[in-house]
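# Residue-level structural notes
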Amino acid sequence: MSAAAMKLMSRSMACAIALLSMVPLPAHACDAPGARRAIEARLAELEGYWNGNKPAELVDALYDKDVVILGEQLPKPAVGRDQAKPLVGELIEAFPSAEIALERIASESSDQMGTWVLWTLAGKEASQAPTKVRSLFIWSKVGEDWLIRADMYSFGGY
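Residues numbered from 1 in each chain as written. Predicted model: local features only at pLDDT ≥ 70, side-chain atom pairs only at ≥ 80, totals over all residues. Heavy atoms only, no water.

### Here's the deal with the pairing of strand 1 (residues 63-71)
For strand 1 and strand 6 (residues 145-155), the ladder comprises five bridges, and the chain directions are parallel. Within the sheet, the bridge partner assigned to Leu70 lies in strand 6 and is Met152. In textbook terms, the turn of a hairpin is the stretch between consecutive antiparallel strands, and for strand 1 and strand 2 (residues 78-79) this stretch comprises six residues. (Pairing = 2+ DSSP bridges. Helix = DSSP H or I, 4+ residues; strand = E, 2+ residues; numbered from the N terminus.)

### Notes on helix 3 (residues 35-51)
Taking 1.5 Å per residue, 17 residues should reach 24 Å; helix 3 reaches 24 Å between its end C-alpha atoms and fits that length. The set of residues buried in helix 3 consists of Ala35, Ile39, Arg42, Leu43, Leu46 and Trp50. Looking straight down helix 3, one finds its buried side chains confined to an arc of 100°; they lie on one side. Among the residues trailing helix 3, Asn53 stands out with phi positive, at a value near 55°. (Expected span 1.5 Å × (residues − 1). Buried < 20%, exposed > 50% of the residue type's maximum accessible area, 1.4 Å probe, protein only. Arc of directions from axis to C-beta.)

### A word on helix 4 (residues 55-62)
For helix 4, the full list of buried residues reads Pro55, Leu58, Val59 and Leu62. For helix 4, the buried positions fall inside an angular range of 95° around the axis, keeping them on one side.

### What to know about the nonpolar core
With 31 residues, the main nonpolar core has Trp50, Tyr63, Trp119 and Phe137 as its most contacted residues. Breaking this core down by element, the ones donating at least two residues are helix 3, helix 4, strand 1, helix 5 (81-94), strand 3 (97-109), strand 4 (112-122), strand 5 (131-142) and strand 6. Not counting chain neighbours up to four residues away, the residues in contact with Phe137 comprise Leu43, Leu46, Tyr63, Met113, Gly114, Thr115, Val117, Trp119, Ile148, Ala150 and Asp151. (Core = buried A, V, L, I, M, F, W, Y, C linked by side-chain atoms within 4.5 Å. Contact = heavy atoms within 4.5 Å.)

Now the structure itself:
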């Protein structure tokens, strides 16, 4: 096996282990060229749609047509955009203001990756303390866009 292949395999294994164990790695360790910037831009779009109360646009722009969303308090997964839209709408209604921070990124290729993000969600009432939510997004590159294929979330910080 060539040195380049060994290096790539080693990097991919480290990324997979980090993704599964939530151990942070340096930004360059798993970052395919430009992927971090692209994902950060997509997360900024997500935040904009959320704060603009545009759940259908958010889902159409950022979620894969076959997306699966699993949440800590969901009785069953939301599968596909048609089920994701009302769920995202309910979440935006409950938490009309969101700030999203990219915590960790792992990539095994230039077209698949996982990101851990931390949401800070403000409730409807100004006196209500913000809610923290952790999400693991599994992204796929479709054409020129990164789309969320799976969204798994639970309440609380890291």
